[in-house]
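# Chains, contacts and geometry: an overview
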Amino acid sequence: MHDFLIVGAGLYGAVIAQKAKAAGKSVLVIDKRDHIAGNVYTEDVEGIHVHKYGAHIFHTNNKVVWDYITRFATFNRFTNSPVANYHGELYSLPFNMYTFNKMWGVVTPEEAAAKIEEQRKEITGAPQNLEEQAISLVGRDIYEKLVKGYTEKQWGRDCKELPAFIIKRLPVRLTFDNNYFNALYQGIPIGGYTKMVERMLDGIEVRTGVDYLNKKSELDAQAEYVVYTGPIDAYFSYSLGKLEYRSVRFETELLDMPNFQGNAAVNYTDSETPWTRIIEHKWFEFGKDKEGNDLPKTVISREYSSEWKPGDEPYYPVNDEKNSSLYSQYKMLAEKEEKVLFGGRLGEYKYYDMDQVIAAALDMAERLK
């Protein structure tokens, strides 16, 4: 009999498991997939750590989280500086002086601010949808080239049909700063995320390829408490209806060339290109192997956004009014469960960055003592 059964070997489950073991508890971790580390799983291809479920760039201002996670990995100095490709025109992201210079030929912050101000005037009154919100923040030109196509591919809906709150605040910098995340601590774990999660789960019994919901009563009987990090609606057999997600499909290729695009992330912001972005994984670790040699090959992943359907991986909760209301009903059911605690992105139907996942798990681990 274990003290805890942790359902899901992703970041949330790994933190709870590690803290519980450190507190002297007996822990069993299971995962439906055939590997640990959930969506941060990285696999080695020709010496390149490939982010199998999309780019994961760690960034945080939370020193407690940073001090905790760096016990299990040394992080490199990777800084996220994506590039936007609009029909072959390349722009810096986030929107900064390089972007404005390329877009309008402006050179000074004053000129850039005046241009944005002039274009923002198109929207009068409170923005009613995402299109109006974006134009009111950055103007028509940037909206048309760098926001509209990408956003519509990502959400599968016209920007006029999307709520304004999705982009309440687009970062607009009147400086030449390409650092996407304004975070004190950021980087990629040297050796990949899988290695990091392995260290977190060191000495803990882990079983992969186990579908908890298919063997629920048998597995529940093996532990005092269950921490469930899967989809909350699936736990309750979709009894109140299905929560909606956006999913992502990846087309990954190994290429016999040293450099495909010269950057880790290039966003394709026109509506004609079917993918949202291309990730070139080697640049997360500067294109070098562990001895510091240049890697001769490269791996790229094209990302396609899609509506989630059963059988797909759920990625992004659709936190609109309808889904938020349905989740709150499931949450009420979850609170009645005596020995099961729900956590993580799917268990709480919440978009979490990695540092937020770790912070929430540390918080729960504290309460489980």
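Residues numbered from 1 in each chain as written. Predicted model: local features only at pLDDT ≥ 70, side-chain atom pairs only at ≥ 80, totals over all residues. Heavy atoms only, no water.

### Some points on the pattern of salt bridges
It is possible for side chains bearing opposite charge to pair when their charged atoms get close. What counts here: Think of a salt bridge as a Lys or Arg side-chain nitrogen and an Asp or Glu carboxyl oxygen that are within 4 Å of each other. Secondary structure elements follow DSSP: runs of H or I of four or more residues count as helices, runs of E of two or more count as strands, with numbering from the N terminus. Three labels apply to residues, based on accessible area from a 1.4 Å probe with only protein chains included: buried if under 20% of the type maximum, exposed if over 50%, partly exposed otherwise in between.
Following the criterion strictly, the structure yields 23 salt bridges and no others. One salt bridge in this structure joins Arg277 and Glu303, with 3.0 Å as the shortest N-O distance. Here Arg277, found in strand 13 (residues 277-280), pairs with Glu303, found in strand 14 (residues 298-307); they are 26 residues apart in sequence, far enough to count as distant. The exposure classification of Arg277 matches that of Glu303, with both residues buried. Several salt bridges converge on common partners, so that one network encompasses Glu122, Arg140 and Glu144.

### With respect to the environment of His59
Defined as follows: For this analysis, residues touch if any pair of their heavy atoms sits within 4.5 Å.
Positionally, His59 belongs in strand 5 (residues 58-60). With a relative accessible area of 13%, His59 lands in the buried category. In sequence terms His59 and Tyr185 are 126 residues apart; their C-alpha atoms lie 5.6 Å from each other. Leaving out residues up to four positions away in the same chain, His59 has contacts with Phe181, Ala183, Tyr185, Gln186, Asp353 and Asp355.

### Considerations on the nonpolar core
Note the threshold: Nonpolar core, defined: a set of buried Ala, Val, Leu, Ile, Met, Phe, Trp, Tyr and Cys residues in which side-chain atoms within 4.5 Å join the residues together.
Phe58, Met196, Val197, Leu201 and Ile358 are the most contacted members of the largest nonpolar core, which has 54 residues in total. Sort the elements by how many residues they give to this core and helix 12 (residues 354-368) lands first, with eight residues. Residues Leu5, Val226, Val318 and Val340 belong to the second largest nonpolar core, which totals 52 residues.

### Side note on the sheet that holds strand 15 (residues 316-317)
Where we set the bar: For two strands to be treated as a pair, DSSP must find no fewer than two bridges joining them.
Taken in spatial order, the seven strands make up an open sheet running 7-6-12-13-14-11-15, and their pairing is mixed. Two strands in the sheet have a free side with no partner beyond their single neighbour: strand 7 (89-92) and strand 15. Judged from the 10 bridges that link them, strand 11 (residues 245-255) and strand 14 form a sheet pairing that is antiparallel. Bridging from a neighbouring strand, Glu253 pairs with Ile300 of strand 14.

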